[in-house]
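# Secondary and tertiary structure notes
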Amino acid sequence: MSSTATTDVTQWLAQGGLRPTRQRTLLAELLVGDGQHRHVTAESLFAAAQESGQSVSLATVYNTLKAFCDVGLLQEITVDGSKSYFDTNMGDHPHFYWEDDGHLTDAPADQLKIVALPEIPEGAELAKVDVVIRLRRR
């Protein structure tokens, strides 16, 4: 997905094998319709839907975000063990978490260097490494 081109949300949903229901199409349009990557919480996406005059419940937003993650259209980034952000950029990249306002942004991946990881326990395999760099404004 280009960061400047608009995204056909029906095609985006089809990539995940999802049927384009009214709610999915509405939320997909808010997430990727302009072709820009973004980080949202369920609450911020719910608010954006309300601001656009659309009627959708918060439970539907949560369920739809989970469905998008389950089929690989979004990735979930958990901060503080309970706060979840949903990222439209599916490539591997680190994040800055701004503690002052609870905002998540992409960090420059080309500046991150991981030189070693702990030995993985027997019977396990590496699934993913998430890097969240916590920041505070001075």
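The residue numbers shown here count from 1 along each chain, following its written sequence. A pLDDT threshold of at least 70 governs which residues receive local features in this predicted model, and a stricter bar of 80 or more applies before side-chain atom pairs are shown or counted, although totals over entire chains, interfaces and linings include all residues. Calculated side-chain values reflect all of the structure's heavy atoms, with hydrogen atoms and water omitted.

## A word on the pairing of strand 5 (residues 103-106)
When DSSP finds two or more bridges between two strands, those strands count as paired. Only DSSP runs of H or I with at least four residues qualify as helices, and only runs of E with at least two residues qualify as strands; both kinds are numbered from the N terminus onward. Bridge count for strand 4 (residues 95-98) against strand 5 is four bridges, and the pairing is antiparallel. Within the sheet, the bridge partner assigned to His95 lies in strand 5 and is Asp106. A loop of four residues connects strand 4 with strand 5, the two strands running antiparallel in sequence, and Gly102 in this loop sits at a positive phi of about 65°.

## Some thoughts on the confidence of the model for the protein
The score called pLDDT rates the predictor's confidence residue by residue, from a low of 0 to a high of 100. Looking at the protein as a whole, the pLDDT averages 91, with 96% of positions reaching at least 70. When pLDDT is averaged over each element of the protein, helix 4 (residues 58-70) comes out on top at 97 and strand 2 (residues 75-79) at the bottom at 92.

## Re the nonpolar core
In this text, buried Ala, Val, Leu, Ile, Met, Phe, Trp, Tyr and Cys residues form a nonpolar core when linked through side-chain atoms within 4.5 Å. Exposure classes here rest on a 1.4 Å probe applied to the protein chains alone. A residue is buried below 20% of its type maximum, exposed above 50%, and partly exposed in between. Grouped together as the largest cluster of nonpolar side chains are 21 residues, with contacts concentrated most on Trp12, Leu31, Leu45, Val61, Leu65, Phe68 and Leu74. Counting only elements with at least two residues in this core, the list comes to helix 1 (9-15), helix 2 (22-32), helix 3 (42-51) and helix 4. Per-element tally for this core: the top contributor is helix 2, with five residues. Two residues form a contact once any of their heavy atoms are found within 4.5 Å. Leaving out residues up to four positions away in the same chain, Trp12 has contacts with Thr7, Ala28, Val32, Phe68, Leu73 and Leu74. Ranked by size, the runner-up nonpolar core spans five residues in total, among them Ile77, Val79, Tyr85 and Leu104.

## Some details on the sheet that holds strand 1 (residues 39-40)
The three strands are arranged 1-3-2 in an open sheet whose pairing can be described as antiparallel. Pairing within the sheet leaves two strands with one partner each, and these edge strands are strand 1 and strand 2. Across five bridges, the pairing between strand 2 and strand 3 (residues 83-87) is antiparallel. Following the sheet pairing, Ile77 is matched in strand 3 by Tyr85.

## Focus on the packing of helix 2 against helix 4
Angles here are taken between N-to-C directions and fall from 0 to 180 degrees, while the axes themselves are lines fitted to C-alpha atoms, restricted in helices to the stretch in contact. Viewed as axis vectors pointing N to C, helix 2 and helix 4 meet at an angle of 75°, and their least axial separation amounts to 10 Å. Taken together, the axes of helix 2 and helix 4 are roughly perpendicular relative to one another. When helix 2 is examined against helix 4, the residues Gln23, Arg24, Leu27, Ala28 and Leu31 are found in contact with a partner set consisting of Thr60, Val61, Thr64, Leu65 and Phe68. Residue composition of the contact of helix 2 with helix 4, grouped by class: six nonpolar, three polar and one charged. Oblique is the label for every angle not falling under 35 degrees (roughly parallel), over 145 degrees (roughly antiparallel), or within 65 to 115 degrees (roughly perpendicular). Each residue gets one label: Ala, Val, Leu, Ile, Met, Phe, Trp, Tyr, Cys and Pro are nonpolar, Asp, Glu, Lys and Arg are charged, and the others, such as Gly, are polar.

## Some thoughts on the environment of Met90
Tracing the sequence through the fold places Met90 in the loop between strand 3 and strand 4. You can call Met90 partly exposed: its relative accessible area is 37%. Separated by 55 residues in sequence, Met90 and Gly35 have C-alpha atoms that sit 13 Å apart. Discounting chain neighbours no more than four positions away, the residues touching Met90 are Gly72, Leu73, Leu74 and Gln75.

## Things to note about helix 2
Burial in helix 2 covers these residues: Leu26, Leu27, Ala28, Leu31 and Val32. Those residues of helix 2 hidden inside the fold are in contact with helix 1, strand 1, helix 3 and helix 4.

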